[in-house]
Amino acid sequence: MRNRRAALAAIAGAVSLALTLSACGESGEGGSAKGGGTIGIALPTQASERWVTEGKSVVEDLRAKGYQAKLVYGQDKPDTQVAQIEDLIEQGVDALIIAAIDNKSLNGVLQQATDAGIAVISYDRLILGTKNVDYYVSFDNEQVGRLQARYIIDRLGLEEGKGPFDIELFAGSPDDNNTKYFFNGAMALLQPFLDSKQLIVRSGQTELDEVTTLRWDGPTAQKRMDAILAESYKSRTVDAVLSPYDGISLGVLSALKADGYGSDSKPLPVITGQDAELASVKSIIAGEQAQTIYKDVRELAEVAADMADDILKGKTPRINSRRAYNNGVKSVAAFLLQPTSVDRTNYDLVLVAGGYYTAQELK
Ligand code: GAL
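Since the structure is predicted, the reported quantities are computational estimates derived from the model, not experimental observations.

> Lay out the environment of T316 with the relevant residues and their values.
Mapping T316 onto the fold places it in the loop between α11 (297–312) and β11 (325–326). Excluding residues within four positions of it along the chain, T316 makes contact with Y135 and D310.

In structure tokens form, the structure reads like this:
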């Protein structure tokens, strides 16, 4: 156990060291500027661009406020993330900003954080089952689901009475608390059309526990879509796919293309997504994925950095959500940002004019 932890901590240490150095002052030394202190940031994975973008943003924002930052990525392995957080605590960080891989795996390690007087900010994903979480910063995740459903409703013309159409449903990782917000937000709008049979799920898989995708993994979604197409769409075509995240959307797209979708006689369904990842925005421009949800994660990073700064200066951090989020043990005060729906008609305005991507990057 100790050896495994030591090995994991060594990997964590290597990643964090590299990023700490890049987060240090011009001199490259580790000393904290203006005595601000050190903040540990534990993010889920580098396999998805959004976490890479906001890792850099949080580090830059904290550095500008005079803090040192130690950034680690758990490579989507809950045990690795626990070991990394233990390591950050041992290194004596003053606050932790954590996007959990498995929202229930952090209970023990967060008790250690509290015992050491370290404040914990739950970043993007609410950490469940522990009193040792101080604040929650995220987007309005139910609104994300509503925007995805609204897009499908508008594109299919469901409110004009069109249909019936065939739809398949995908959800995120079962161990991520956001998964249920996205899915429930979407289903609240889609359910009336399922009830009226304007929308039909041929696979019959409509319950959250039937449609989740462990660790948001694209190839896992692709396999599920392969199976659904083979079993339920031998003699028909699917018209829409509710996908909660760009990585899943691209997996679904691969399955569809392998099945001959993407021609005039067999057009691609309306496929939603989330995170405005570069590959998906390019896919939208090419007319394949239909939509994504853009969340300016630079803003999220800034809110988290401000919050950590306030906490360490003994001020009450700014929160904007009237609703506190119950994590099963306590109500956590929250700051939520608003997401934006993006498709071919507005990507230029939102993503390019908004400075998230350059026009060159989207070529
Ligand atoms: C969720 C997050 C989404 C997406 C997904 C996969 O928790 O809110 O925006 O990034 O994880 O990484």
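Once you've had a look at it, read on.
> Would you mind going over the pairing of strand β2 (residues 68–73) in detail, with residue names and values included?
Extensive coverage of β2 is indicated by the burial of six of its six residues. With burial as the criterion, each face of β2 is covered, one bearing Q68, K70 and V72 and the other bearing A69, L71 and Y73. Bridge count between strand β1 (residues 38–43) and β2: six bridges; the pairing is parallel. Bridge assignment links I39 to a residue of β2, and that residue is A69. Crossover β1 to β2 through helix α2 (residues 49–64) is right-handed.

> Provide a residue-level description of the packing of aromatic side chains, including the pertinent values.
Scanning all chains against the criterion turns up six aromatic pairs. Centroid distance Y181 to Y325: 5.9 Å. Interplanar angle 85°. Geometry classified as edge-to-face. One end of the pair, Y181, is in helix α6 (residues 178–195); the other, Y325, is in strand β11, with 144 residues separating them in the sequence. Across the pair, exposure class does not vary: Y181 and Y325 are buried alike. With 6.0 Å between their ring centres and 65° between their planes, F182 and W216 make a pair best called edge-to-face. On the criterion of sequence distance, the pair formed by F182 in helix α6 and W216 in the loop between α7 (208–211) and α8 (218–232) is long-range, its members being 34 residues apart. Considered together, F182 and W216 belong to a single accessibility category, that of buried residues. Put simply, the rings of Y136, Y181 and Y325 touch in pairs and so form one group of aromatic residues. Over the face of the ring belonging to W51 we find R50, whose NZ or CZ atom lies 3.9 Å from the ring centre. Above the plane of the ring of Y181 lies K180, whose end atom (NZ or CZ) is 4.9 Å from the centre.

> Kindly report on the site of the ligand, identifying the contributing residues and their values.
Around the ligand, the neighbouring residues are R50, W51, D124, R125, D176, N178, F182, W216, Y245, Q274, D275 and K295. A distance of 2.5 Å is found between an oxygen atom of the ligand and a side-chain nitrogen or oxygen belonging to D176. When the ligand is considered free in solution it has 300 Å² of accessible area, and contact with the protein chains removes 98% of it. Of all the elements in the fold, those that place two or more residues in the shell around the ligand are α2 and α6. Residues of the shell around the ligand, tallied by class, amount to four nonpolar, two polar and six charged. Here the shell around the ligand gathers at least three residues from each of two domains, domain 1 (2–133 + 296–338) and domain 2 (141–294).

> If you had to explain the sheet that holds strand β8 (residues 240–242) to someone new, which residues and values would you point to?
Within a sheet, adjacent strands bond to each other through the backbone by hydrogen bonds, running parallel or antiparallel. Within the open sheet, the four strands sit side by side as β7-β6-β8-β9. Their pairing is parallel. A single partner strand is all that each edge strand has here, and the edge strands are β7 (199–200) and β9 (270–271). Inspection of the sheet shows strand β6 (residues 165–169) paired to β7 by two bridges, in the parallel sense. Bridging across to β7, D166 finds its partner in I200. Across the face of the sheet, α6 comes into contact with β6, β7 and β8 while running at roughly 155° to β6.

> Tell me about the pattern of salt bridges, and please be specific about residues and values.
Per the counting criterion, the structure on display carries 15 salt bridges. A salt bridge links D154 to R150; the nearest nitrogen and oxygen atoms lie 2.9 Å apart. Note that D154 and R150 are positioned in helix α5 (residues 141–156) at a spacing of four residues, about one turn of the helix. By relative accessible area, which is 30% here, R150 ends up partly exposed.

> I'd like a description of helix α9 (residues 246–258), backed by residues and values.
In a regular helix each residue adds 1.5 Å, so 13 residues correspond to 18 Å; α9 covers 18 Å between its end C-alpha atoms and thus fits that length. Residues of α9 that are buried include every one of D246, G247, I248, S249, G251, V252, L253, A255 and L256, and no others.

Calculation criteria
- Residues numbered from 1 in each chain as written.
- Predicted model: local features only at pLDDT ≥ 70, side-chain atom pairs only at ≥ 80, totals over all residues.
- Heavy atoms only, no water.
- Helix = DSSP H or I, 4+ residues; strand = E, 2+ residues; numbered from the N terminus.
- Contact = heavy atoms within 4.5 Å.
- Buried < 20%, exposed > 50% of the residue type's maximum accessible area, 1.4 Å probe, protein only.
- Pairing = 2+ DSSP bridges.
- Right-handed = clockwise from strand over helix to strand, strands pointing away.
- Phe/Tyr/Trp six-rings, centres within 6.5 Å; stacked < 30°, edge-to-face > 60°.
- Lys NZ or Arg CZ within 6 Å of the ring centre and 35° of its normal.
- Near = heavy atom within 4 Å.
- Polar contact = N/O pair within 3.5 Å; in protein donor to acceptor, adjacent residues only side chain to side chain.
- Areas by Shrake-Rupley, 256 points an atom, 1.4 Å probe, with all protein chains shown as cover.
- Nonpolar A, V, L, I, M, F, W, Y, C, P; charged D, E, K, R; others polar.
- Domains from an automatic or database assignment.
- Axes fitted to C-alpha atoms, helices over the stretch in contact; angles between N-to-C directions.
- Salt bridge = Lys/Arg side-chain N within 4 Å of Asp/Glu carboxyl O.
- Expected span 1.5 Å × (residues − 1).

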